[in-house]
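Here are the chains, one letter per residue:
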Amino acid sequence: MADVLLQKVRKNYNPALLKDTLRNINLDIKDGDFIVFVGPSGCGKSTLLRMIAGLEDITDGDLMIGGKRVNDVPPSQRNIGMVFQSYALYPHMTVFENMAFGLKLKKMDKEEIRRRVVQAADVLGLEAFLERKPKALSGGQRQRVAIGRCIVQNPSVFLFDEPLSNLDAALRVKMRLEIAKLHRELNATIIYVTHDQVEAMTLADKICVLSPLAMNPQTESNLEQFGAPLELYNHPVNKFVAGFIGSPKMNFLNGVIESVSEDKCVVKLSEGELITACVDARRAQVGDKVTLGVRPEHLVKADSDKADGGKITCKVSVTENLGAEFFVYMDCGSSEVGSDFTVKSDCELDVRPGDNMEVGIPSTACYLFDEEGKAFPRTAVYKRS
Amino acid sequence: MAIVQPKSLKYRKAAAHVFMLFFLCLIMFPLLMIVAISFRQGNYSVGDVIPKLSTSTLDHWRLALGFDVKKLNRIPGSVVNFVNADDGKVQMYVSTQEDDSFRAFVSDAFDPDDVKKVESLDDAVEVSSDFNVEQIDSEKLADADSAFALCKTLAHKIVVKVGDGDSSARYLIDKNDKDGTSYGIYKETITPPPFPVLRWLWNSVKVAFITSFLIICLSTTSAYAFARMKFAGKNTILNGMLIFQMFPAVLALVAIYALFDKIGEYIPWLGLNTHGGLILSYMGGIALHIWTIKGYFETIDASLEEAAAIDGATPWQAFRLILLPLSVPILAVVFILAFIATVAEVPVASVLLLDMDELTLAVGAQQYLYPQNYLWGDFAAAAVLSGLPITIVFLLAQRWLVGGLTAGGVKG
Ligand SMILES: Nc1ncnc2c1ncn2[C@@H]1O[C@H](COP(=O)(O)OP(=O)(O)OP(=O)(O)O)[C@@H](O)[C@H]1O
Ligand SMILES: [Mg+2]
């Protein structure tokens, strides 16, 4: 198995016409890690994965797999396996032939091929389908064949590009668990691209958040943050990561700093409310413009004793009752487009669209970002219950 | 059809069917015509569409397939007499007048009972011998009537062979009418096939097969390059090829002739009057095939080849083991198209090929149509024959024309 190291990697599809797609990507992926790439559509997740696979050339920088620089090594010699966003099974071959294809090319002994394929099929529950063509398989089964085709090659790095995106919810959960199990069994390095927050949070040892360079062409790098899932959740380095990790999205409120102390900071919101946040904002001045962030699931009732940070009052525009969860979308006036403030509650709230609702903000649940979007260090982490 | 349709659609559907049938007939009519002409007697372009069985003939086909055609021509001004010989035998006296030269001969004496029933010239009993006019025994001739009466009862044709070897000729003596009141003499004329049609057919098939095969090889590989690789000037080349292909090859005949004349000086088997040269010239017409195959390749998800690359396949292996097997239907189509085009091609072949034996059928068949004499019947037979290899190739290729080969490979 192998480490994967990316140093100052840059990608530009067509330097004459286009801006960079990826810039200054530095990643140190340890052997056996499960890494998840997340980011909005078009930010270059697939591109980065394909560069690691060798399907796209690297414009600048170094890619090391297992300590060896592989920028100019063809995919077949990188000892990687890839599961494509589209499965990419060979339609004219049976499941067995699909899985055996790579081994046959390596001129491996017939018996050994059979043994490996059967073993992989056993792990993935595909024994019954070995003689079928992909056409006669369901989406989940095809998915497993694609994974099986990887496993038999025994690669040191697995690359998964949104493998579960086309499956239904139940199958997705099942496959997610299977992939987690697979990671435990194979103990291989896995790099995984997904749009699904739950997949990212549950599977990953470390999450890598990418942002589209097009949003801000000046930025040095579109690797926003690379860290453990809870680290990203609790201590996002900037507004982008804070807004991207977590579902529903974090609420942002504009304001200015009213006062700062070692572990607390008081922010005056645009509507005049004062909110106390447990952040160390000493590097900023009083009067600086800041953005206050608070996650929908951390908001509490206004009369709760947890609401020690302050309260805000907004007009409810929509409510959603999912049974297990209750969402209130509110209009706080900080943006033009309708509802910009979300509350997630475990229990049903007695509000209707049009009502004014007061919500309490725990001071430990607050995130604070400066004008550039950089986060101030938090001095406490909110605990629910 | 799952969509619910209004009632009026029924009538429109019926009308469309009628129209299609009519259209089909219109398309099929020339083919029927040509088949009919090939079975008709004589070399006329007009006549019954469906020839009557009694008047239809296989002569055109015999010629096309390389057999001699034997025909009996009535020799006017000929006389047949039978004379009684000894022992109840009969001798036959024949006098003919061909091309102003008078010939006469008499048969050996034969027993009328021995004369077998004759169905065709070939199993006729030969009762002939050479004979001089002077030898006619006028006394015996006097007795002719009784012999004639005798022979009348034979009701058989009699074949007479005159001369030996190459100069031999066969005459058929047959009754002019049912009652046998007079006899006519028919001379057998043998028409050898005027042209080596089977050889032309073989040339056509050979050239077409090799051409189609090479076209497939060339156009798949270049289509692969155009579909999958990035290189400078790709679109310019693609469009350029198409535009150049728009000029008919006929316009370049002179150039082609000169070109192959020159090539032949250095590489004789690619020069004028060789099939190699012809095939080479046909190779030039692959632009459309490249476009067709390229279009098909582009419908096959490139991730299949990327997966193969990760599995350790070289680009050639990915092409041969993944892309080609999935492209079989389009390869079959291109093969058929190239085959048909080659078999039917005339202008270039007629310029490049000079020897009678080297011609392709499409060119050769036109030899039947020299201005003084349009041999429509023979031409029709050759034309139908040239459709044969195309039909066979199509029937063979049909099993490859299947859809859904790429189903299930990629999601979405
Ligand atoms: N072959 C290409 N040529 C030029 N630009 C490309 C090419 N492939 C991708 N891009 C651009 O690179 C950017 C990143 O694409 P990429 O496919 O990596 O996005 P992604 O993060 O995987 O998105 P998604 O989540 O939708 O799959 C996009 O803006 C895309 O337009
Ligand atoms: Mg992608």
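Scope of this entry: the structure provided in the associated data block. Note that this is a predicted model, so its numbers are computed, not measured. (Residues numbered from 1 in each chain as written. Chains lettered and ligands numbered in written order. Predicted model: local features only at pLDDT ≥ 70, side-chain atom pairs only at ≥ 80, totals over all residues. Heavy atoms only, no water.)

With that out of the way, let us pick up the pairing of strand 9 (residues 206-210) of chain A. All names here are of chain A. The buried count for strand 9 comes to 4 of 5 residues, which makes it a mostly enclosed element. Pairing geometry for strand 9 and strand 10 (residues 223-227), over 4 bridges, is antiparallel. For Ile207, the partnering residue across the bridge sits in strand 10 and is Gly227. (Buried < 20%, exposed > 50% of the residue type's maximum accessible area, 1.4 Å probe, protein only. Helix = DSSP H or I, 4+ residues; strand = E, 2+ residues; numbered from the N terminus. Pairing = 2+ DSSP bridges.)

With that out of the way, let us pick up the pattern of salt bridges. All names here are of chain A. For the structure shown, the criterion picks out 22 salt bridges over all chains. The salt bridge partner of Arg69 is Asp72, with a shortest N-O separation of 3.8 Å. A relative accessible area of 42% means that Arg69 is categorised as partly exposed. Of the charged contacts, one joins Asp196 and Arg172 as a salt bridge, the two residues approaching to 3.1 Å between their closest N and O atoms. (Salt bridge = Lys/Arg side-chain N within 4 Å of Asp/Glu carboxyl O.)

Glancing now at the interface of chain B and chain A. Where interface size is given, it is often the accessible area lost as the parts come together that is meant. Contacts between the two partners involve 25 residues from chain B and, on the opposite side, 31 residues from chain A. Summed over both sides, the interface of chain B with chain A buries roughly 2200 Å², with 62% coming from carbon and sulfur. Applying the counting rule to chain B against chain A returns 1 salt bridge. One can count 7 residue pairs in polar contact (both at pLDDT 80 or more) joining chain B with chain A. Listing elements by their share of the side of chain B that touches chain A, those giving two or more residues are helix 10 (302-310) and helix 11 (315-326) of chain B. Examining the composition of the side of chain B that touches chain A, we find that 7 residues originate from one element, helix 10 of chain B, more than from any other. Of the residues contributing to the side of chain B that touches chain A, the split by class is 13 nonpolar, 8 polar and 4 charged. (Contact = heavy atoms within 4.5 Å. Buried area = accessible area lost by both parts, 1.4 Å probe. Polar contact = N/O pair within 3.5 Å; in protein donor to acceptor, adjacent residues only side chain to side chain. Nonpolar A, V, L, I, M, F, W, Y, C, P; charged D, E, K, R; others polar.)

The subject of this paragraph is the sheet that holds strand 16 (residues 310-321) of chain A. Residue and element names in this part refer to chain A. Taken in spatial order, the 5 strands of this open sheet run 15-19-16-17-18, and their pairing is antiparallel. Each of the sheet's edge strands pairs with one partner strand only, and the pair in question is strand 15 (300-301) and strand 18 (341-345). Two strands pair when backbone bridges link them, and strand 16 and strand 19 (residues 356-361) are joined in this way by 6 bridges, in the antiparallel orientation. Considered in strand 19, the bridge of Thr313 is made with Glu358.

Quick look at helix 1 (residues 45-53) of chain A now. Turn by turn, an α-helix covers 3.6 residues, leaving residues three or four places apart pointing in a common direction. Residues and elements named next belong to chain A. In terms of burial, helix 1 is largely enclosed, as 8 of its 9 residues are buried. When we look at burial in helix 1, the residues that qualify are Lys45, Thr47, Leu48, Leu49, Arg50, Met51, Ile52 and Ala53. Where helix 1 terminates, the next one or two residues include Gly54, which has phi positive at roughly 95°.

Below, the discussion takes up the pairing of strand 4 (residues 60-65) of chain A. Taken residue by residue, a regular strand's side chains alternate between the two faces of the sheet. By the bridge criterion, 5 bridges tie strand 1 (residues 4-11) of chain A to strand 4 of chain A in an arrangement that is antiparallel. Of the residues in strand 4 of chain A, the one forming a bridge with Leu6(A) is Leu63(A).

Residue and element names in this part refer to chain A. Read from one edge to the other, the open sheet built from 6 strands follows the order 6-7-8-3-9-10, with strand pairing classed as mixed. Two strands bound the open sheet, and with one partner strand each, they are strand 6 (80-83) and strand 10. Going from strand to strand, the sheet's axes swing by 15° on average, the running direction of each strand aside. Sheet strands in contact with helix 1 are strand 3 (34-38), strand 6, strand 7 (157-161), strand 8 (189-193) and strand 9, and its direction is about 150° off that of strand 7. (Axes fitted to C-alpha atoms, helices over the stretch in contact; angles between N-to-C directions.)

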